[in-house]
Amino acid sequence: MIPGSLRYAALAVRLALPLAFLELCHWLAGAPPSASGILTRMLFVAVVLAGGLAGRPARDAGGRWRLPWPGVALATGGGLAAILYGLTGATLAAWALTAAGWAAALWLAWWFVAGTRTWLALPLWGTLALAVGAATVALELLETRFSEEEFFAALAALILAAAWALILAAWWPLAHHALPASGLRLPRRRWIATGLLPLAAFCAAGMVQRYQTSFFPPAPPFPGISAEHPTICEQLPAPAQTYAGQEVYARLLALVAANPARSAPEYGMLALGTGNSTWAAQFRAALLEEAATGRFSEPANSVKYGQFEAAKRVYYYDRVRARFPELFSAADDTAVRAWFAAVHRRALTVEWVDWLYALAFGIWPAGPYENQESGAGLLAILQATGLGDPALAAESRAYLERAARGWAARWRNNDDTYYYQTEWITNAYYQAAGASPPGHARRSFDWLLLQAPPGGAPVSYNFPYPISPDGPLYLGATLFDDPRYLWVAAQAIASEGRVFAYASAQPGADGPLPLTAVGPTEGSCLIYGDSGTPTRPGPLGPDKLVFRSGWQPGDAYLLLNLRFTGWHRYKATNTITLAAPGPPLLADQLEGEEFGWLPRGRSAFRDERVPREHLNGLVVPRSGMSAVRFALSGLGGPWAQDPPPFARVERFEAGPGCDISVTTLEGWRGWEHRRTVRFCDGAPVVIADEAAGQGRAALMWNLATPGTLQGGRVRIGTGEEAAELVLLPLDGAVARGEGAPGPVARVAVEGSGGRFRNLAVLLSGPWVGAEVRLVGDPAAPRLRVEGPAGTLELGTFGER
């Protein structure tokens, strides 16, 4: 009696373990518990167990293996589900395919192990579990165009592998009581095993090929845009204010001197910029200390950013030694050269992380850091200065000549991050090796300049910290004698919006310029840029739309992101990165939990780890295999994270008094999103959104700072720094603030009828507090804004 009770208790525990494990994963991932989710996972586990029992292979009287007829029916149903899923991406078909596949894996576990030695069972089951987890996640990655962070995908595969292994453990005792052996005769096991290995290799090769091509999606063109002319801009009057080049450089040096983490590069720039021997002595001391510790010559593990920092040391040692010939003794020079040789050797040493880059880029690993071309920059500056290891000169030259890089290949870093462009420009400068910069060089600085907010405010997207482009634009002014670059650098240096009251060293910015800084005349702009990977430029595609009323502090500004592609991908297609009708009102939310269990280079809250709902745009629910994987593992959130790679620019008109754009996001899990931005002088900014699809979706509005929500109106700041976001949902949509009735940082306009519209009105200055209402035809309404500044009637969905 007792042994039987214990057996039943043990069986009950085994049956409960898979579900308990999945619920634990959901809890650890922070997914909110729900009765429907628990019921879904419970039903899934039950279906897999039942399917495994119904189709468990058995030997007939002649000793041949047969798949029972219920198993044949289940396999047929799984095949039909696979076809339906492949054609439609339907969530129900994805569930059926996953359940049938997991049940079939149980059959294989029985079939392969039966009659084999016990010690072979665990490795076979472990391999099969990993294959089940990897195959499930692989289908999601194909569906989402590899939009998820690679390490998170690997974790999801391990979670699903463990869940299947627990289902196997619960199923195994029950499998001994399966149906009699009658059904479809199976081939011999060794034939199946022999066929599975090449099939797995073929599938793996196909996945790698699809992963590599995912960085090169086709891009929609726009009339008048080409590689030679990647921007269309209106013209504004130049700002009246000017700056003297010597004054700008003195302020830049003051910021460098104020850097609390000054190291050798900062001391080097200060020595060159001032000619002061005290700074030169501090540079010598800092550099020799780093040489003594062998910095940047140790294993890099998951982060090779040190190659960028090492290149700065090489640059400044060469320049400072020429400026102060007596500063370094012969013994010092020998020590520094030995250190640089060790750094050179380390840069050409292949480490485990290089294999990951090689897999993504389709290249053989070599050691130099591919991100922002930092490895190429280091090798180029070592070669140009003659400070590298002579024995490695040929290998370095071969790497640099293997493919066109830097300004010879492109003007835009392939990462969708303002900050990485500044690093890439420095590496391109090293690779130019003093030659006259090609046309791409000027375009690379223009890309920074055209996105710069008024008043020199910093830029922040896809990076945790707002970036001021003062150093790189000063370099651009140095190379091209361009007064616009110098003017925006001056604005950035003096900006009250700077997050950091200091700057880092900028190679190439080695002295004051005899140049008068004059402000830019570019106004609102459409910007195109290439994509691809660090080793291979991709197609020219929509990049950014910039709206501005001017360049001075307080002028209105709006930045619309048009892409989700490149190496450091950012899920920003058709989202508003920053809206500052005066003070910043809308901004990407870039604060989030760092993932300490990830390698250091992958733990920061950036790239694919920034969820779509942290940006200002459309979100749609997960569906298909993405919904299945989330429901089982709990990793991620309920919203889909795979927006299309580009938004299509249907209209961009910039002219006197009023600028307007119409951009569309098409084919995202059955949804389309059309966004119209109306940006007119002296008037509130109007953003009109139309979304159409099936089921529910939402428009996310993330505030630059938390505000108060009342009646569809969100206010941030007080006095002259006040601004308001007025939301007017249409077609049954509803606005809900996260955290209301307290301060809200995000408002979601949710629609559930398959089609909804919304009007967002951005108020600042004299328009704060104005009454905003709809007038005219409900199908094509107009906006009436009435306040102390007057009364305006504005167009909405595509109207002027």
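Below is a short write-up of the structure. (Residues numbered from 1 in each chain as written. Predicted model: local features only at pLDDT ≥ 70, side-chain atom pairs only at ≥ 80, totals over all residues. Heavy atoms only, no water.)

**Description of the overall build of the protein**
Link 1 in the chain: Scanning the protein for helices and strands turns up 20 helices and 27 strands.
Link 2 in the chain: In terms of C-alpha radius of gyration, the protein reaches 30 Å, essentially the compact-globule figure of 28 Å for 800 residues.
Link 3 in the chain: Its C-alpha atoms give the protein principal-axis dimensions of about 95 × 80 × 50 Å.
Link 4 in the chain: Relative to its 800 residues, the protein shows a buried fraction of 56%. (Helix = DSSP H or I, 4+ residues; strand = E, 2+ residues; numbered from the N terminus. Rg over C-alpha atoms; globule rule 2.2 N^0.38 Å. Buried < 20%, exposed > 50% of the residue type's maximum accessible area, 1.4 Å probe, protein only.)

**Remarks on the pattern of salt bridges**
Link 1 in the chain: A full pass over the atoms with the stated rule returns 47 salt bridges.
Link 2 in the chain: Between Lys-304 and Asp-354 there is a salt bridge; the shortest N-O distance is 2.7 Å. One end of the pair, Lys-304, is in the loop between helix H10 (277-293) and helix H11 (306-323); the other, Asp-354, is in helix H13 (residues 352-361), and 50 residues separate them in sequence. There is no split in this pair, since Lys-304 and Asp-354 are both buried.
Link 3 in the chain: Of the charged contacts in the structure, one is a salt bridge between Arg-757 and Asp-731, with a shortest N-O distance of 2.9 Å. Of this pair, Arg-757 sits in strand E24 (residues 755-764) while Asp-731 is found in the loop between strand E21 (723-730) and strand E22 (734-738), placing the two residues 26 residues apart along the sequence.
Link 4 in the chain: The structure contains a network of salt bridges with shared partners spanning Asp-318, Arg-319, Arg-321, Asp-333 and Arg-337. (Salt bridge = Lys/Arg side-chain N within 4 Å of Asp/Glu carboxyl O.)

**Focus: the sheet that holds strand E3 (residues 183-185)**
Link 1 in the chain: Spatially, E1-E2-E3 is the arrangement adopted by the 3 strands of the open sheet, whose pairing is antiparallel. In this open sheet, the two edge strands, each paired with only one partner strand, are strand E1 (58-59) and E3.
Link 2 in the chain: The pairing of E1 with strand E2 (residues 65-68) spans 2 bridges and is antiparallel. Across the sheet, the residue bridging to Ala-58 is Arg-66, located in E2.
Link 3 in the chain: Sheet strands in contact with helix H3 (residues 69-88) are E2 and E3, and its direction is about 65 degrees off that of E2. (Pairing = 2+ DSSP bridges. Contact = heavy atoms within 4.5 Å. Axes fitted to C-alpha atoms, helices over the stretch in contact; angles between N-to-C directions.)

**Observations regarding empty space enclosed by the protein**
Link 1 in the chain: Summed over the entire model, instances satisfying the criterion amount to 1 cavity of 30 Å³ or more.
Link 2 in the chain: Counted as a void, the largest cavity has a volume near 50 Å³.
Link 3 in the chain: Considering the residues around the largest cavity, the lining is formed by Asp-354, Tyr-357, Ala-358, Ile-363, Pro-365, Ala-366, Gly-367, Pro-368 and Glu-370.
Link 4 in the chain: Partitioning the lining of the largest cavity into residue classes produces 6 nonpolar, 1 polar and 2 charged. (1 Å grid on protein atoms, 1.4 Å probe; cavity = no way out; pocket = protein on both sides within 12 Å on 5 of 7 lines; lining within 4 Å. Points joined across faces, edges and corners; volume = space filled by probe spheres on them. Nonpolar A, V, L, I, M, F, W, Y, C, P; charged D, E, K, R; others polar.)

**Details of the nonpolar core**
Link 1 in the chain: One finds Met-269, Phe-283, Leu-378 and Trp-407 to be the most contacted residues of the largest nonpolar core, which totals 100 residues.
Link 2 in the chain: With 9 residues, the top contributor of residues to this core is helix H16 (residues 418-432).
Link 3 in the chain: Aside from chain neighbours lying at most four places away, what touches Met-269 is Tyr-249, Leu-252, Leu-253, Val-256, Tyr-316, Ala-505, Gln-506 and Ala-509.
Link 4 in the chain: Core analysis: the second largest hydrophobic core is formed by 64 residues, Val-137, Ala-161, Ala-360 and Met-625 among them. (Core = buried A, V, L, I, M, F, W, Y, C linked by side-chain atoms within 4.5 Å.)

**Concerning the state of the cysteines**
Every disulfide links exactly two cysteines, by a covalent bond between their sulfur atoms.
Link 1 in the chain: Counted by the stated rule, this structure contains 2 disulfides.
Link 2 in the chain: A sulfur-sulfur distance of 2.0 Å marks the disulfide that ties Cys-233 to Cys-525. The S-S bond linking Cys-233 to Cys-525 shows a torsion near 120 degrees; that makes this disulfide right-handed. In this pair, Cys-233 is assigned in strand E4 (residues 231-235) and Cys-525 in strand E7 (residues 522-529), connecting sequence segments 292 residues apart.
Link 3 in the chain: According to the relative accessible area criterion, Cys-233 is partly exposed, its value standing at 25%.
Link 4 in the chain: Looking at Cys-525, the relative accessible area reads 0%, which means it is buried.
Link 5 in the chain: In this model Cys-658 forms its disulfide with Cys-680; the gap between the sulfur atoms is 2.0 Å. Residue Cys-658 is located in strand E16 (residues 658-668), and its partner Cys-680 is located in strand E17 (residues 671-680); the two are separated by 22 residues in the primary sequence. With respect to class, Cys-658 is no different from Cys-680; both count as buried.
Link 6 in the chain: Taken in sequence order, the bonded cysteines of the protein link in the pattern 1-2, 3-4. (Disulfide = S-S within 2.5 Å.)

**Here we look at the packing of aromatic side chains**
Link 1 in the chain: For the structure on display, the rule yields 40 aromatic pairs.
Link 2 in the chain: For the pair Phe-283 and Phe-328, a centre-to-centre distance of 6.1 Å together with 90 degrees between the ring planes defines the contact as edge-to-face. Of this pair, Phe-283 sits in helix H10 while Phe-328 sits in the loop between H11 and helix H12 (330-347), and the two are 45 residues apart along the sequence. As far as the burial class goes, Phe-283 and Phe-328 line up, both buried.
Link 3 in the chain: An angle of 75 degrees between the planes, with centres 6.0 Å apart, marks the rings of Phe-463 and Tyr-465 as edge-to-face.
Link 4 in the chain: Phe-463 sits in the buried class, given a relative accessible area of 12%.
Link 5 in the chain: Among the residues examined, Tyr-465 registers a relative accessible area of 45% and is labelled partly exposed.
Link 6 in the chain: Of the aromatic side chains, those joined through ring pairs into one cluster are Phe-146, Tyr-211, Phe-215, Tyr-357, Phe-361, Tyr-369 and Trp-567. (Phe/Tyr/Trp six-rings, centres within 6.5 Å; stacked < 30°, edge-to-face > 60°.)

**Observations regarding the packing of helix H8 (residues 245-257) against helix H19 (residues 483-494)**
Link 1 in the chain: Following both chains from N to C, one finds H8 and H19 inclined at 40 degrees, their axes separated by 10 Å at the closest point. Classified by the interaxial angle, the pair formed by H8 and H19 is oblique. Of the two possible hands of crossing, H8 and H19 adopt the one that is left-handed. Contacts between H8 and H19 involve Gly-245, Val-248, Arg-251, Leu-252 and Leu-255 from the first element and Leu-486, Ala-490, Ile-493 and Ala-494 from the second.
Link 2 in the chain: In terms of residue class, the contact of H8 with H19 is made up of 7 nonpolar, 1 polar and 1 charged. (Parallel < 35°, antiparallel > 145°, perpendicular 65-115°, else oblique. Left-handed = near helix turned anticlockwise from the far one by under 90°.)

**Description of the packing of helix H2 (residues 35-54) against helix H6 (residues 150-175)**
Link 1 in the chain: Here H2 crosses H6 at 40 degrees, and the two axes come no closer than 10 Å. Remark: the crossing between H2 and H6 carries right-handed chirality. Across the interface between the two elements, Val-45, Val-48, Leu-49, Gly-52 and Leu-53 of H2 pack against Ile-167, Ala-170, Trp-171, Leu-174 and Ala-175 of H6.
Link 2 in the chain: Within the contact of H2 with H6, the residues separate by chemical class into 9 nonpolar, 1 polar and no charged.

**Description of the environment of Arg-410**
Link 1 in the chain: Along the chain, Arg-410 turns up in the loop between helix H15 (393-402) and H16.
Link 2 in the chain: Overall, Arg-410 belongs to the buried group, its relative accessible area being 1%.
Link 3 in the chain: Counting along the chain gives 179 residues from Arg-410 to Gln-589, while the straight-line C-alpha distance between them is 30 Å.
Link 4 in the chain: Engagement of the side chain of Arg-410 in a polar contact is seen with the backbone oxygen of Thr-533, the distance being 2.9 Å. (Polar contact = N/O pair within 3.5 Å; in protein donor to acceptor, adjacent residues only side chain to side chain.)

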